[in-house]
Amino acid sequence: MTDTSTASAGSVPLAPRAWPLLGHALPLLRYPLAFIMSLSGYREMVRVRLGPSSAVMICDPDLTRQVFLNDRTFDKGGPIYDRIREVIGDGLSTCAYPLHRRQRRLCQPSFHPTRLAGYGAVFARAATNKAGSWRDGDVLDVTQEMMTLTTRATMETMFSGALPAETMQRCLADTAVIVSAFFRRMMTPALLRRVPTRQKRRYDDARTRLAATIAEIIAERRADPTDHADLLSTLVAAVDEESEDGRRQLNDAELADEALTFFLGGMETTAITLAWALHLLATNPDVQHRLKAETDRVLTGGKLDPAHLPSLGLASRVVTETLRLYPPAWMMTRVVREDAELGGVRFKGGSTIVLSPYLLHRRADLYDEPDRFDPDRWLDAQPDRRATYIPFGAGARKCIGDQFALTEAILALTAIVDRWELTPVGDQPFQPKVETSLSSRGLRLRLTERRSSGAGDAERSAAAALSASVQPPTQPGAAACPVKHGK
Ligand code: HEM
């Protein structure tokens, strides 16, 4: 499309303080969130430069939605996905438009609601065991603990049954190395990325080892293809009925890419969501107190169960609000496949577009007091056709694991808060470490065991009064998934 009445992407205003040669690489590496928020004054779009190349950041929810919905033109690509592709090849989250629909059809059955019920039981058990492994007075490395929890739960839902402890530990360490390298590699020019530094060797070794571990698990499953009621069984059995012969299945290489995609995509994002949620509860004791009242009312001394999910309204809103304030995928990129127009601007094929949930979620014209943690802002929120709340993206490329993650996070929060009171360590505000995701690395919290297992009378009646006035969502995360407005 080349409408001469539209302006070219080169005329989009350039963000201030671009350095010669480096452009905005330094502020993006040193203080990315402050830099991103400094762009919120641009209502529609703004150009940022990374060395010689430039990208247009979309600041407007309607334009963001248009990009998400037109995934044929605004395709997966750009610096983030190029780096992720190094590890997971052409898996569902990285593949380009021509491959996507077929892959989505093959993967979708793994996330069917009937499968989720079984996964929920695994999540509840894993979270209860994790919460039972701590001691009174412990100071937790929260992110590390949440990573072990979600790795175990992901492994179990994907590959039914816990892996040997040594394999688990290795997967965890390799994943941490890979994930923390993504953002640095994304910002590093191609030539420098090839220099054989110690960091690069660690990254390459971790990639090779993790791929080998997953390949080994797949080979074992091929040798015993009975339905293990786990994610891998569904992937192995998936048939694309819309393929030419109606029988197309995933081959070994595709299976490995998808397994790695789910493993890396699912584990870290959910772990850091949980870590941020615990941080927000520790720094907002009133909400934590109300959440404990909810767990007392719902669990009534019994075992945590996925059947409790519809009654865990506050836990669900805490997760929704956490994902607003700290969306793990704080920035996403797209590549323009062919010349296209967006918001009156002409983009040439090959241009890079940046979308930022972090920016939209903290805009004062979209959310009252956007920096305040207020789970109750979601009490009567209505679905919004604009992309104002996009922690899972939107359109055809929307996260396939959204319900999986929400179920896991709500159950884990409930198990933890039921047993432990969380308080901050020290009085310094904790800041995110910005990597490919909005990392909570380094977050520490103190645990105090709740002495009485049941709620006091006052807490019980407060919880009862609250539940009378609040209709909890009817399904896990119902408050979070449709794109909606925060006011
Ligand atoms: C809180 C946790 C999670 C968050 C915040 C999250 C976020 C996202 C976002 C923002 C996207 C879209 C990216 C884009 O459009 O560029 C996405 C896609 C995806 N996510 Fe998640 N995710 C989470 C959990 C999971 C889990 C648990 C899994 C799998 C077990 C998963 C697997 C995927 C896959 C495969 C895609 C690509 C979907 C497609 O392109 O069709 N995610 N996720």
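Looking at an unreviewed UniProt entry, the protein carries the name Cytochrome P450, with the source organism given as Streptomyces yatensis.

S.K.: What should I look at first to understand the site of the ligand in this one?
M.R.: Of all residues adjacent to the ligand, which total 30 residues, the nearest are Tyr-81, His-100, Arg-104, Arg-334 and Cys-399. Contacts to the ligand include His-100, whose side-chain N or O atom sits 2.6 Å from an oxygen atom. Contributing elements (two or more residues each) for the shell around the ligand: α5 (97–107), α12 (252–282), β6 (332–336) and α16 (402–419). If you tally residues by element for the shell around the ligand, the top one is α12, at seven residues. Among the residues forming the shell around the ligand, the class breakdown is 15 nonpolar, ten polar and five charged.

S.K.: Looking at this model, I keep getting lost on the side chain of Lys-292. Mind explaining?
M.R.: Turning to its location among the elements, Lys-292 is positioned in helix α13 (residues 285–299). When its relative accessible area of 3% is taken as the criterion, Lys-292 is described as buried.

S.K.: Is there a simple way to think about the sheet that holds strand β8 (residues 345–347) in this case?
M.R.: Read across the open sheet, the three strands follow the order β1-β8-β7; overall the sheet is mixed. Each edge of the open sheet is held by one strand with a lone partner, namely β1 (7–8) and β7 (340–342). Across two bridges, β1 lies against β8 in parallel orientation. Within β8, the residue paired with Ala-7 across the bridge is Val-345.

S.K.: I'm lost on the nonpolar core in this one. Help?
M.R.: Among soluble globular proteins, nonpolar side chains are generally buried collectively. Counting residues in each nonpolar core, the largest one holds 142 residues, and the members touching the most others are Met-45, Met-146, Leu-342 and Phe-347. With 18 residues, α12 is the largest single contributor of residues to this core. For Phe-347, the contacting residues outside a window of four places in its chain are Ala-9, Met-45, Val-56, Val-336, Glu-338, Asp-339, Ala-340, Leu-342 and Ile-353.

S.K.: What's the story with the pattern of salt bridges in this structure? I'm lost.
M.R.: Pairing between side chains becomes possible if they bear opposite charge and their charged atoms approach one another. In total, this model carries 29 salt bridges according to the counting rule given. A salt bridge links Arg-362 to Asp-371; its shortest N-O distance comes to 3.0 Å. On the basis of relative accessible area, Arg-362 is assigned to the buried category, the value being 12%. What emerges from the salt-bridge pattern is a single network uniting Asp-75, Arg-337 and Arg-397.

S.K.: I would appreciate a short explanation of the sheet that holds strand β5 (residues 139–141) in the present structure.
M.R.: Two modes of strand pairing occur in sheets, parallel and antiparallel, and in both the strands are linked by backbone hydrogen bonds. Pairing in this open sheet of three strands is antiparallel, and the strands run β5-β13-β10 from one edge to the other. Edge positions in the open sheet fall to β5 and β10 (420–424), since each of these has one partner strand only. On average, each strand axis in the sheet is inclined to that of its neighbour by 40 degrees, with strand direction left out of account. Where β10 meets strand β13 (residues 444–449), five bridges bridge the pair, whose relative direction is antiparallel.

How each quantity is defined
Residues numbered from 1 in each chain as written. Predicted model: local features only at pLDDT ≥ 70, side-chain atom pairs only at ≥ 80, totals over all residues. Heavy atoms only, no water. Near = heavy atom within 4 Å. Polar contact = N/O pair within 3.5 Å; in protein donor to acceptor, adjacent residues only side chain to side chain. Helix = DSSP H or I, 4+ residues; strand = E, 2+ residues; numbered from the N terminus. Nonpolar A, V, L, I, M, F, W, Y, C, P; charged D, E, K, R; others polar. Buried < 20%, exposed > 50% of the residue type's maximum accessible area, 1.4 Å probe, protein only. Pairing = 2+ DSSP bridges. Core = buried A, V, L, I, M, F, W, Y, C linked by side-chain atoms within 4.5 Å. Contact = heavy atoms within 4.5 Å. Salt bridge = Lys/Arg side-chain N within 4 Å of Asp/Glu carboxyl O. Axes fitted to C-alpha atoms, helices over the stretch in contact; angles between N-to-C directions.

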